[in-house]
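Topology and contacts: notes
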Amino acid sequence: MLPDADPVALLNAFLTAHAQGHHAPVQLYARGEELLERLRAAPPRDPSWGRFLVALGQIAANHLDDPQAASRHFLLALTSVHHHGDHQAAVAAGYNQGVLQEARGSRMHARTAYAAAAKEGFRLGAVGAPTLAAASRAVRLWFEEHEMLNDEHATLAKQAWLGWLRLRIVNPAELSPELTDELGCQLCALLLPEDHPAALAGAWRAWPPHALGEGWSDDLPACRRELFLAAAEAADRHLADEGPSPGAPYRLLASKV
């Protein structure tokens, strides 16, 4: 039975246990459901409420194999963002909805969920890993189906790259190897010039949108330099079969910014 304690303290205790990889996720989930029922009528106006709902959904999806329960928790985190105020949690909830739909084989619904989560993240300025992951997955699913990008997904691709380059500078630890790999792969497939690396700067500036919030735009020297460095790493990773050191020209370009 849950102790009689401050709701936010209880939520944070649950989140700590979840983050530490609780050894009994089924028991942790049961405690979470009990806490949910206690607080559902009047949840605290605190970011911990949004993060709690996402964590509860993740346990249901990853440990209980209960996608319906997971979906309910993710949806509540997304629709109650006006209450808890954690935009990153709301985006993470939308992203996880997409993961559930993709796992079920419903690619169209997954793409819709990913795109909605990404757009909301960019709109709210919550440009962290969940927003970038949602955008990159929406782009991937659309491109795999149509072999080209429409305006909506081209915009998501450019926003994701802009956010990626910014995170590489301000918080690289937030970028998982999987997310970096997907963004780099899309950069190679959709933007890098086939024969003339020097044409990258022009292609980059020709692809809208040109800014991501205030203070970060595609014509800033820091952004262009990071683009060349990211292109070098992505080329070495994904274009290695096209010749030796495919990233070298982009490193040279970065050194001249």
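Below: a short report on this structure. Every value quoted in this text rests on a predicted model; they were computed, and no experiment measured them.

Some thoughts on the overall build of the chain
- In terms of helices and strands, the chain carries 13 helices and zero strands.
- Each helix and strand of the chain, placed in order from N terminus to C terminus, yields the pattern α-α-α-α-α-α-α-α-α-α-α-α-α.
- Considering only contacts in the chain between residues 6 or more positions apart, those separated by 24 or more positions represent 64%.
- For the chain, the accessible area works out to roughly 12,700 Å², and carbon and sulfur atoms hold 54% of it.
- Positive and negative side-chain charges in the chain, numbering 22 and 30 respectively, have mean positions lying 3 Å apart.

Re the side chain of Gln186
- Within the fold, Gln186 resides in helix 10 (residues 177-190).
- Accessibility expressed as a relative area gives 8% for Gln186, which makes it buried.
- Dropping the residues within four chain positions of it, Gln186 is found in contact with Ser136, Val139, Arg140, Trp161 and Leu191.

Some words on the state of the cysteines
- In total, this model carries zero disulfides according to the counting rule given.
- The thiol sulfur of Cys188 is not disulfide-bonded, and the nearest other cysteine sulfur, from Cys185, lies at 6.8 Å.
- Cys223 takes part in no disulfide bond, and the closest cysteine sulfur to it belongs to Cys188, at a distance of 17 Å.

Brief notes about the side chain of Asp86
- Within the secondary structure layout, Asp86 lies in the loop between helix 5 (81-84) and helix 6 (87-103).
- The exposure class of Asp86 is buried, given its relative accessible area of 11%.
- A polar atom in the side chain of Asp86 sits 2.9 Å from the side chain of Arg51.
- Those residues in contact with Asp86 that sit more than four places away from it in its chain are Pro47, Arg51 and Val81.

Observations concerning the packing of aromatic side chains
- Inspection of the entire model under this criterion finds four aromatic pairs.
- Ring centres 5.7 Å apart and planes at 40 degrees place the aromatic pair Tyr95 and Tyr114 in the tilted group. Remark: Tyr114 occurs in helix 7 (residues 107-124) and Tyr95 occurs in helix 6; sequence separation between them is 19 residues.
- We classify Tyr114 as buried; its relative accessible area is 0%.
- Members of the aromatic cluster, each reached through a chain of ring pairs, are Phe14, Trp49 and Phe52.

Quick word on the nonpolar core
- Counting residues in hydrophobic clusters, the biggest one holds 50 residues, and the most contacted among them are Trp161, Trp164 and Leu192.
- Among the secondary structure elements, those contributing two or more residues to this core are helix 6, helix 7, helix 8 (129-146), helix 9 (151-170), helix 10, helix 11 (200-206), helix 12 (221-238) and helix 13 (248-255).
- Beyond its immediate stretch of four places on either side in the chain, Trp164 contacts Leu132, Leu175, Thr180, Leu183, Gly184, Leu187 and Ala230.
- Counting residues in hydrophobic clusters, the runner-up holds 26 residues, among them Leu11, Leu15, Val54 and Ala60.

A look at a negative patch on the surface
- Together, Glu194, Asp195, Asp241 and Glu242 give the surface a local cluster of negative charge.
- On the secondary structure map, Glu242 appears in the loop between helix 12 and helix 13.

Calculation rules
- Residues numbered from 1 in each chain as written.
- Predicted model: local features only at pLDDT ≥ 70, side-chain atom pairs only at ≥ 80, totals over all residues.
- Heavy atoms only, no water.
- Helix = DSSP H or I, 4+ residues; strand = E, 2+ residues; numbered from the N terminus.
- Contact = heavy atoms within 4.5 Å.
- Areas by Shrake-Rupley, 256 points an atom, 1.4 Å probe, with all protein chains shown as cover.
- Lys, Arg positive; Asp, Glu negative; His and termini not counted.
- Charge placed at Lys NZ, Arg CZ, Asp CG, Glu CD.
- Buried < 20%, exposed > 50% of the residue type's maximum accessible area, 1.4 Å probe, protein only.
- Disulfide = S-S within 2.5 Å.
- Polar contact = N/O pair within 3.5 Å; in protein donor to acceptor, adjacent residues only side chain to side chain.
- Phe/Tyr/Trp six-rings, centres within 6.5 Å; stacked < 30°, edge-to-face > 60°.
- Core = buried A, V, L, I, M, F, W, Y, C linked by side-chain atoms within 4.5 Å.
- Patch = residues over 30% accessible without salt bridge, like charges linked within 9 Å, V, L, I, M, F, W, Y side chains within 5 Å.
- Salt bridge = Lys/Arg side-chain N within 4 Å of Asp/Glu carboxyl O.

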